[in-house]
Amino acid sequence: MSGEEEENAAELKIGDEFLKAKCLMNCEVSLILEHKYEQLRQMSEDPLNQVSQVFEKSLQYVKRFSRYKNPDAVRQVREILSRYHLTEFELCVLGNLCPETVEEAIAMVPSMKTKGRGLDEEAIEKMLNDLSLIKTFE
């Protein structure tokens, strides 16, 4: 075995390239692909000829699994989660899966409870409450 550490998302051991990468939530990808689809539709009389099967399937997938549809709500979700100094990976996991309880959030993103992060259960509860308000008013 090499001297490299084994990857473990629960401990945020996901590799430097992923820790530094910009991640997108499904709802953000959906907005981007919808915009691109609209551009293709306007450029062609038959937009389906311009869209690959992979593009179409990707769009269907992110639309199906996006918890937020409204562009303002999508922006607010990222803003709220960014306040808690989450990594991009953590932010996207929470934004995609929308946990309802502190226990669910910690189970999905155990790295939030790492010592020194400043995310106690009360802070996580506030974050989840803020997110639930967006879902309620969307």
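Rules of the game
Residues numbered from 1 in each chain as written. Predicted model: local features only at pLDDT ≥ 70, side-chain atom pairs only at ≥ 80, totals over all residues. Heavy atoms only, no water. UniProt positions renumbered as here; feature names shortened; annotations may be inferred. Helix = DSSP H or I, 4+ residues; strand = E, 2+ residues; numbered from the N terminus. Contact = heavy atoms within 4.5 Å. Expected span 1.5 Å × (residues − 1). Buried < 20%, exposed > 50% of the residue type's maximum accessible area, 1.4 Å probe, protein only. Arc of directions from axis to C-beta. Patch = residues over 30% accessible without salt bridge, like charges linked within 9 Å, V, L, I, M, F, W, Y side chains within 5 Å. Areas by Shrake-Rupley, 256 points an atom, 1.4 Å probe, with all protein chains shown as cover. Salt bridge = Lys/Arg side-chain N within 4 Å of Asp/Glu carboxyl O. Lys, Arg positive; Asp, Glu negative; His and termini not counted. Charge placed at Lys NZ, Arg CZ, Asp CG, Glu CD.

- UniProt's Subcellular location (unreviewed entry) comment on the chain is quoted here verbatim: "Nucleus".
- Turning to the chain, the UniProt record has this under Sequence similarities (unreviewed entry): "Belongs to the eukaryotic RPB4 RNA polymerase subunit family."

**A closer look at the side chain of Asn 96**
Then, number 1: The topology assignment puts Asn 96 in helix H6 (residues 88-97).
Then, number 2: In this view, Asn 96 contacts Met 25, Asn 26 and Arg 67; residues no more than four positions away in its chain are not counted.

**A look at helix H4 (residues 53-65)**
Then, number 1: Helix length check: H4, at 13 residues, gives a terminal C-alpha distance of 18 Å against a target of 18 Å (1.5 Å per residue), a fit within 8%.
Then, number 2: All buried positions along H4 are accounted for by Phe 55, Leu 59 and Val 62. The buried side chains of H4 occupy one side of the element, clustering within an arc of 75° when seen end-on. For H4, the exposed residues lying more than 90 degrees away from the buried face are Gln 53, Val 54, Lys 57 and Arg 64.
Then, number 3: Contact partners of the buried residues in H4: helix H2 (26-43).

**Observations concerning a negative patch on the surface**
Then, number 1: Together, Glu 100, Glu 103, Glu 104, Asp 120, Glu 121, Glu 122 and Glu 125 make up a region of like negative charge exposed at the surface.
Then, number 2: Elements represented by at least two residues in the negative patch include exactly helix H7 (102-108) and helix H8 (121-137).
Then, number 3: Looking at which element gives the most residues to the negative patch, the answer is H8, with three residues.
Then, number 4: Counting through the fold element by element, Glu 122 comes out in helix H8.

**Thoughts on the pattern of salt bridges**
A side chain of one charge can pair with a side chain of the opposite charge if their charged atoms are brought near each other.
Then, number 1: Within this structure, the stated rule accounts for seven salt bridges.
Then, number 2: The shortest N-O distance in the salt bridge between Arg 78 and Glu 28 comes to 2.5 Å. With a gap of 50 residues between them, Arg 78 in helix H5 (residues 71-82) and Glu 28 in helix H2 connect regions that are remote in the sequence. Note on accessibility: Arg 78 and Glu 28 belong to one class, buried.
Then, number 3: The partner of Arg 75 in a salt bridge is Asp 72, and the shortest N-O contact between them spans 3.8 Å. Of this pair, Arg 75 and Asp 72 both sit in helix H5, separated by three residues, roughly a single helical turn.
Then, number 4: We classify Arg 75 as partly exposed; its relative accessible area is 40%.

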